[in-house]
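# Inside the fold
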Amino acid sequence: MTAVDDKFDADVIVVGGGIIGGTFACLLGQAGLKVILLDAGVRQVNSLKKVDARVFAITLASEQILKKAGAWQRLQKEDIAYFRKMHVWDEDGLGAINFDSASICQSTMGYIISHQAIVDALQEKLLEFDNVRCLWSVSPAYIKEETDTIVLGTEDGLQFNSRLIVAADGHNSKLRSLANIHYQKHDYKQSALGCIVTTEFAHGEIARQRFLKRGPLAFLPMRDSHQSAIVWSSSPDHIQRLREFDKSAFHFELAEAFAHELGEIKASTERTVFPLSRAQADTYTKSRIALIGDSAHTVHPLAGLGANLGLLDAASLSEIIIDTCRRGRDPGRLQVLRRYERKRKGENKSMMYLLDGLKHLFENQFQSVQWLRNFGLDTVDSLPVVKHAILKRAMGLETDLPAVARRRY
Ligand SMILES: Cc1cc2nc3c(=O)[nH]c(=O)nc-3n(C[C@H](O)[C@H](O)[C@H](O)COP(=O)(O)OP(=O)(O)OC[C@H]3O[C@@H](n4cnc5c(N)ncnc54)[C@H](O)[C@@H]3O)c2cc1C
């Protein structure tokens, strides 16, 4: 499909070539749309051989989207780890919940993949398109809407026009600011520490999360049977102290906090710290502008869902845009973009509040709440119907998904 009119430089300009913008540009590229992708960073194909502490739990729905984008096929076998089971428990008391993908006849609950491996695969795929032009180290300086077009000027003096600009430039989105869209942010006053650790015992392809008083600590199984990626959320002071500990003090502290579930910590990589907040843009769309991924919303990482929600945004918006262009209509019209907003905003918002509620529930120190929490975990654990419903949702197997994200059996 060549939808673009000669008077436009592109059908769609995408600002931000991270996991969400890269996937979105590939989905449009596969459908033959003419795309310009701008990213402020430098292109880094095959940079992954360095250790990347930013590791994602990827759902089965996201796997489908990345396959459709043509990136999944470019991941190396050793980039993909599986988590077939999940074990979640509370520091106070004996309550616990266990999930097993086999209980709903699936071979895995999802995958653990480094952020850099996914971005590298996307960038490799983007190079294959004649109809997608990628510009690195480029940032927008202004946007200007005209009668049936929108113009984007860059900080180094380039100018492009198209019918739609999509912001995928992350939580500090410049494009969102240029479009004057307000972003309601709630600072969790928590940070997360991430690194890769080697443990005494094998992880057995089980993702584990222990809810501590100050925040959750997750061990995500990596390809190596004794390596896990950890995400430890806690108060900024505590995380700063953990970051400054020497290796042996850090290993001791971590093993203690995880109740020696995987034995001693034998080795660890460089520790990276991320500030945590939840946020929602007041609107995901304006005439000729749409926001996707972290530029539209962020959530607490306790369920590893941020990028998965963003990939559903990319899938949903791409379907609407491709369909509109196929009909020869203008994809930048607000009525078209509102269809995307209706599909995604409520869903993202309810997930944000659900995760918020879980965070507060597990951090509450009242004894009655602690008792209820443990009782609740045990009760859910003993109810297969409820457990299967939660499991399907966590794995991205619900039915109301964009067609691109649905599994073929
Ligand atoms: C500790 C932690 C753990 C997490 N774990 C998980 C997990 O297990 N699973 C999961 O699904 N999610 C997880 N997330 C969430 C996930 O990291 C984000 O949701 C995801 O990275 C958002 O991707 P994005 O492409 O929207 O934004 P980003 O990854 O921030 O990418 C933005 C892109 O835009 C570019 N850019 C920025 N500014 C400009 C500009 N001015 N002009 C042009 N380009 C620009 C950047 O260079 C970058 O390429 C986690 C988050 C944290 C903090």
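Report on the accompanying structure. All of these numbers come straight from a predicted model, not from anything done at the bench.

Among the residues making up helix H5 (residues 236-244), those that are buried are His238, Ile239 and Leu242. Mapping the buried residues of H5 onto a view down its axis gives an arc of 95 degrees, with all of them on the same face. What points out from H5, more than 90 degrees from its buried face, is the exposed set Asp237 and Glu244. Turning to H5, the residues buried within the fold contact strand S12 (183-199), strand S15 (227-234), helix H6 (247-257) and strand S17 (272-281).

Moving on, we get to the site of the ligand. Taken together, 31 residues surround the ligand, and among them Asp39, Ala57, Asp294, Gly304 and Ala307 come closest. Ile20 has a polar backbone atom sitting 3.2 Å from an oxygen atom of the ligand. Asn308 has a polar side-chain atom sitting 3.0 Å from an oxygen atom of the ligand. When the free accessible area of the ligand is taken as 1,000 Å², the share hidden by the protein chains comes to 83%. Elements with a minimum of two residues in the shell around the ligand: helix H1 (19-30), strand S3 (55-58) and helix H7 (306-326). Residue composition of the shell around the ligand, grouped by class: 16 nonpolar, 10 polar and five charged.

With that settled, consider the packing of helix H2 (residues 60-69) against H7. Two quantities define a packed helix pair, namely the angle between the axes and the distance from one axis to the other. Orientation of H2 relative to H7, taken along the N-to-C sense of each, is 45 degrees, at an axis distance of 10 Å. Comparing the axis directions of H2 and H7 gives the class oblique. Judged by the twist between their axes, the crossing of H2 over H7 is left-handed. Of the residues in H7, those in contact with Ser62, Ile65 and Leu66 of H2 are Asn308, Leu311, Leu312 and Ala315. Across the contact of H2 with H7, the residue classes break down as five nonpolar, two polar and no charged.

Each value, and the rule that gives it
- Residues numbered from 1 in each chain as written.
- Predicted model: local features only at pLDDT ≥ 70, side-chain atom pairs only at ≥ 80, totals over all residues.
- Heavy atoms only, no water.
- Buried < 20%, exposed > 50% of the residue type's maximum accessible area, 1.4 Å probe, protein only.
- Helix = DSSP H or I, 4+ residues; strand = E, 2+ residues; numbered from the N terminus.
- Arc of directions from axis to C-beta.
- Contact = heavy atoms within 4.5 Å.
- Near = heavy atom within 4 Å.
- Polar contact = N/O pair within 3.5 Å; in protein donor to acceptor, adjacent residues only side chain to side chain.
- Areas by Shrake-Rupley, 256 points an atom, 1.4 Å probe, with all protein chains shown as cover.
- Nonpolar A, V, L, I, M, F, W, Y, C, P; charged D, E, K, R; others polar.
- Axes fitted to C-alpha atoms, helices over the stretch in contact; angles between N-to-C directions.
- Parallel < 35°, antiparallel > 145°, perpendicular 65-115°, else oblique.
- Left-handed = near helix turned anticlockwise from the far one by under 90°.

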